[in-house]
Amino acid sequence: MSLPPVGCMPTSITVNGGKDRSCSIMHNNAAKYFNKKLSAELQSLRSGNPPVNVVLADIYTPLLDIVNNPQSYGFEIVDRGCCGTGKVEVSWMCNTFDDMCSNISNYLFWDSFHPTEKGYRIIVDYLLERYADDVLRL
């Protein structure tokens, strides 16, 4: 699985997104560079002797599309998570002591890094549509 657009995660936006809370181009470029290198390495393994059967699932593209076109997917908020302030809280920091958003379905992210169930469902549907046949051929 590829890296997502890590520069568009709420944590990266909070730390590096500036006043307008935009995606961090530097972090997204690093993710794209990693994904390119990973793809090349997997292609090398596929053409080796013996060949390795592997499929690289791209999660960068669908997640970036959701961030850039949130209304197309039914989201209103993509620059912060539903938990707490939505800017830095992650995982165990989201608990019963934190405030939660009133309508999680409006949010792409649950915390400052992980998508909501709705976000994951959209990404998984994309992956299944795009890669299921490839995986079944392995």
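Quick look at the structure, then.

Reading the values: the criteria
Per chain, the residues get numbers from 1 upward, laid out in the order the sequence is written. In keeping with the model being predicted, local features are shown solely for residues with a pLDDT of at least 70 and side-chain atom pairs are shown and tallied solely at 80 or more, while totals for entire chains, interfaces and linings include all residues. Here the side-chain values reflect all heavy atoms present in the structure, with hydrogen atoms and water set aside. Only runs of H or I of at least four residues qualify as helices and only runs of E of at least two qualify as strands under DSSP, and these elements are numbered from the N terminus. Per-residue accessibility, obtained with a 1.4 Å probe over protein chains only, is compared with the maximum for each type, and a residue is labelled buried under 20%, exposed over 50%, and partly exposed between these values. Note on contacts: a residue pair is in contact if any heavy atoms of the two residues lie within 4.5 Å. Only Phe, Tyr and Trp rings are paired, with Trp represented by its six-membered ring, and only when their centres lie within 6.5 Å; those with planes under 30 degrees apart are stacked, over 60 edge-to-face, the remainder tilted. In this scheme, Lys NZ or Arg CZ marks a charge over a ring once it lies within 6 Å of the ring centre and within 35 degrees of the ring normal. The disulfide definition used here is simple: a pair of cysteine sulfur atoms within 2.5 Å.

## Some words on the environment of Asn35
Piece 1. Counting through the fold element by element, Asn35 comes out in helix H2 (residues 25-46).
Piece 2. The class of Asn35 is buried, set by a relative accessible area of 10%.
Piece 3. As for Asn35 and Met1, which are separated by 34 residues in sequence, their C-alpha atoms are 8.9 Å apart.

## Describing the side chain of Thr116
Piece 1. One can find Thr116 in the loop between strand S2 (107-109) and helix H4 (117-136).
Piece 2. Beyond its immediate stretch of four places on either side in the chain, Thr116 contacts Phe75, Ile104, Tyr107, Leu108, Phe109 and Trp110.

## Things to note about the packing of aromatic side chains
Any pair of aromatic rings gets described here by the distance separating the centres and the angle formed by the planes.
Piece 1. In the structure shown here, the tally under the stated rule is zero aromatic pairs.
Piece 2. One cation-aromatic arrangement involves Lys118 over Phe75; the distance from NZ or CZ to the ring centre is 4.5 Å.

## Comments concerning the state of the cysteines
Piece 1. Inspection of the entire model under this criterion finds two disulfides.
Piece 2. Disulfide partner of Cys8: Cys23, at an S-S distance of 2.1 Å. Classification of the bridge connecting Cys8 and Cys23 rests on its S-S torsion, roughly 115°, and on that basis the disulfide is right-handed. In this pair, Cys8 sits in the segment before helix H1 (10-16) while Cys23 sits in the loop between H1 and H2, placing the two residues 15 residues apart along the sequence.
Piece 3. There is a disulfide in this structure between Cys82 and Cys101, and the S-S distance comes to 1.9 Å. In this structure, the disulfide formed by Cys82 and Cys101 twists by about -90° around the S-S bond and is classed as left-handed. Taken together, the residues Cys82 in the loop between strand S1 (77-81) and S2 and Cys101 in the loop between S1 and S2 connect sequence positions 19 residues apart.

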